[in-house]
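Fold and contact review
One letter stands for each residue in the lines below.
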Amino acid sequence: MTDTTTADSLPEAPAVAVTGTERVVGVVPDVPALDRVLDYLVPDGWLVEQAPAADESPSRPAGVPTLRLGSVVRIPLQGRRVRGWVVDLAREPAADVRLRPLAKVTGWGPPPDLLELGEWAAWRWSGRRLAFLRAATPERAVTYLPERRRLDRGQGLAKPATAARPAAEHPDGPAKAFESDLTVVRLPPDADELPWIAAGMALGQTLVLAPGHDEVSQLSARLRGQGVQVARHPEGWASAATGQSVVGSRAAAWMPAPDLRAVVVIDEHDQRYQEERAPTWNARDVAIERARRAGVPCVLLSPVPSLEALVAGRLLVPSRAEERANWPIVEVVDRTTDDDPHRHGLYSPRLVSLLRSDARVAVVFNRTGRARLLACQRCSRLATCERCQAALASVDQQGLLCPRCDFQRPLVCEKCGDTRFRLLRAGVARVREELEALAGEPVTELTAASAPDVARHAGRLTVGTAAVLHRLEHADVVVFLDLDADLCAPRFRASDQVLGQLALAARLTGGRRAGGRLLLQTRQPHHDAIQAVLHADPGRYARAEAVRRRELALPPFCALAEFSGPGAAAVAAALALRGNTLLGPIGDRYLVKAPDHASLANALAAVGRPAERVRIAVDPLDV
């Protein structure tokens with residue numbers, strides 16, 4: 001008969017009484033319902049290593065299980081064996097308790113510094129420690145690490161980097177950025193980030209984060225071309241644990257780095273750094289905290305730095321000549337002017353002329369998540385909020401309501417006084433058909449749902465959502481067909497998101513030197529985000545937006561948390577009793593505003609979780 005018994009169904013070792021001579025360790029089980037540390041005995045003959053060591057001692061007997069802080073183990077629990085992490089090597093259980101022994105050491109897990117960082121992240125984003133233990137654990141079991149490779153100061157790229165894009169000339173230079181604890185570098189879209197990475201790697205082991213897998217692949221290939229071997233997430237976990245520099249996307253913030261000397265975050269403003277599932281942690285903030293704990297410099301690169309980054313660190317900017325040269329030429333088509341006979345439609349004469357030229361044109365039209373837009377029937381002025389600039393929605397025949405800040409006003413155009421409004425709406429598929437009719441040739445439709453080979457085989461003309469900016473390799477002109485739909489979205493970060501998309505478009509076309517061009521169709525030509533891109537000066541937008549955020553008490557000048565689910569009302573009410581501001585309910589959601597993240601995290605820890613299910617999203621993106 002064939003033995004079908006598996007490792008997880010073997011008979012459990014019996015529980016034994018603890019007499020005081022046995023070694024007891026604390027283990028966090030990989031079970032979401034058990035958010036606590038359980039006690040287990042260390043079997044006789046197992047070694048317990050207090051200080052982490054990356055190389056196996058020659059004197060250590062072969063095959064002897066070794067426990068360290070963070071080791072991944074198998075534990076008996078309720079009739080089965082589950083994964084767990086050793087988080088305490090010297091537990092003191094209560095007297096006369098009966099404990100079971102550990103079943104198996106699976107391999108290496110998060111080192112002690114990441115265990116502590118995970119506890120901080122669980123506090124900061126009000127989540128369970130289990131989520132961060134999983135993030136910091138290799139996907140495949142790592143049972144052995146070779147001798148640690150220490151990268152000495154001065155060891156960086158093997159030879160001067162060949163820039164795929166021109167390097168922006170900053171007055172202080174890349175090396176100067178690493179002389180402070182936290183530095184924000186406003187790097188123009190078409191500028192090369194490799195010199196800044198090289199400056200970090202000259203210090204030793206460097207953690208480099210990029211927002212997406214495509215960016216990570218391109219950067220890793222360039223570094224290998226310069227003779228630098230890097231550990232990519234997730235397959236390079238063991239190499240990172242031996243001292244290699246790390247390159248990866250969001251989850252790479254939890255890769256081991258025993259000799260960490262510098263941290264670099266590329267495009268720190270990109271929202272892909274934030275986890276959408278709860279806990280909603282942000283890799284940029286994790287990287288900043290990790291660098292602070294290690295006492296190493298952290299450099300944040302971005303063409304349009306976020307307010308969160310600008311508030312946290314010092315800012316380095318390039319010369320005005322370099323910044324202008326690395327942004328493309330920007331044309332703004334004002335759809336409210338009387339000399340535009342097509343101002344009520346989507347297709348301006350300038351757009352039609354580009355479609356019929358020889359230029360490679362990419363048209364961006366975001367349908368998903370767009371706001372409902374109302375425009376005056378007479379003058380085409382958008383109905384926007386006077387306080388926060390979001391689009392106003394019609395609630396009845398008499399009034400307009402702002403879904404972002406609840407501001408209300410009568411159904412009257414603030415420019416011409418007309419009371420007639422029309423609803424603006426369209427879809428990508430319909431736009432593609434109309435563009436084909438205007439251009440007289442096929443147009444490729446590209447969205448997040450499109451097959452991977454669609455972008456590779458795209459023709460001269462492409463239309464789609466923001467996926468166009470991520471998946472196309474190059475375009476001569478990028479057209480934003482209806483920029484107002486995104487600028488007026490009912491989210492306080494809507495303008496930030498638009499500015500990030502404009503920066504991606506600028507990178508897709510190249511700067512003025514390469515003849516890159518952006519065409520922005522809008523009814524708000526004087527919007528701060530549009531003016532910032534038009535003048536190649538993102539600081540213009542940051543200064544104006546900081547004033548608005550401070551007046552409205554919005555992040556980064558406060559901390560926000562969103563609660564949903566059956567237990568949301570109870571948690572929100574308990575937080576309100578502790579002096580925080582309660583907003584809502586908004587639909588089935590509650591918002592709580594606190595003075596800062598420390599106050600919010602402490603209040604959430606004190607309130608705890610109710611018996612009913614509740615989802616907590618700290619720093620929500622869609623509010």
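For the structure itself, look to the data block above.
Below, the structure is looked at part by part.

About the thresholds
- Residues numbered from 1 in each chain as written.
- Predicted model: local features only at pLDDT ≥ 70, side-chain atom pairs only at ≥ 80, totals over all residues.
- Heavy atoms only, no water.
- Helix = DSSP H or I, 4+ residues; strand = E, 2+ residues; numbered from the N terminus.
- Expected span 1.5 Å × (residues − 1).
- Buried < 20%, exposed > 50% of the residue type's maximum accessible area, 1.4 Å probe, protein only.
- Arc of directions from axis to C-beta.
- Contact = heavy atoms within 4.5 Å.
- Pairing = 2+ DSSP bridges.
- Salt bridge = Lys/Arg side-chain N within 4 Å of Asp/Glu carboxyl O.
- Phe/Tyr/Trp six-rings, centres within 6.5 Å; stacked < 30°, edge-to-face > 60°.
- Lys NZ or Arg CZ within 6 Å of the ring centre and 35° of its normal.

Looking at helix α11 (residues 428-439)
Given a rise of 1.5 Å per residue, twelve residues ought to cover 16 Å, and the 16 Å separating the end C-alpha atoms of α11 matches this to within 8%. Residues of α11 that are buried: Val428, Val431, Leu435 and Ala439. All buried residues of α11 fall inside an arc of 60° around its axis, so they share one side. Those residues of α11 that are exposed and aimed more than 90 degrees away from the buried face are Arg430 and Ala437. On the buried face of α11, the contacting elements are α10 (349-355), β18 (361-364), β24 (444-446) and β25 (461-464). Note on α11: the residue one or two positions beyond its end, Gly440, has a positive phi of about 75°.

Let's talk about the pairing of strand β11 (residues 205-209)
With five of its five residues buried, β11 lies for the most part within the structure. Alternating residues of β11 divide into Gln205, Leu207 and Leu209 and Thr206 and Val208, and every residue in both groups is buried. Taken together, the five bridges between β11 and strand β14 (residues 260-266) define a ladder with parallel strand orientation. Each bridged residue has a counterpart across the sheet, and for Val208 the counterpart in β14 is Val264. Where β11 meets strand β13 (residues 246-248), three bridges bridge the pair, whose relative direction is parallel. Residue pairing across strands places Leu207 opposite Val246, the latter belonging to β13.

Notes on the pattern of salt bridges
With the rule as written, the count across this model stands at 41 salt bridges. Two residues, Arg432 and Glu436, come together in a salt bridge whose shortest N-O distance is 3.4 Å. Pair noted here: Arg432 and Glu436 are both in helix α11, with a separation of four residues, about one helical turn. Judged by relative accessible area, which is 24%, Glu436 ranks as partly exposed. One continuous salt-bridge network, built from bridges that share partners, spans Arg124, Glu268, Arg284, Asp285 and Asp619.

Quick look at unusual backbone geometry
His233 connects to Pro234 through a cis peptide bond whose omega is 5°. Position of Pro234 relative to the elements: it lies in the loop between β12 (231-232) and α6 (237-241). In this model, Ala278 is joined to Pro279 through a cis peptide bond whose omega is 0°. Positionally, Pro279 belongs in the loop between β14 and α7 (283-294). The backbone of Ser380 shows a phi angle near 70°, a positive value even though the residue is not glycine. Tracing the backbone through its elements, the reader meets Ser380 in the loop between β19 (373-376) and β20 (393-394). For Ser380, a relative accessible area of 0% translates into the label buried.

Thoughts on the packing of aromatic side chains
Throughout the structure, instances matching the rule amount to four aromatic pairs. Ring centres of Trp120 and Trp125 lie 5.5 Å apart, and the angle between their planes is 85°; this geometry places the pair in the edge-to-face category. For the pair Trp120 and Trp125, a shared accessibility class is recorded, and that class is buried. Three or more aromatic residues joined by ring pairs make a cluster, and in this case those are Phe132, Trp254 and Trp281. Seen from the ring of Trp108, Arg68 lies directly overhead, with NZ or CZ sitting 3.9 Å from the centre. It is Arg124 that lies over the ring of Trp125; its NZ or CZ is 4.5 Å from the centre.

Nothing here speaks to function; it is geometry throughout.
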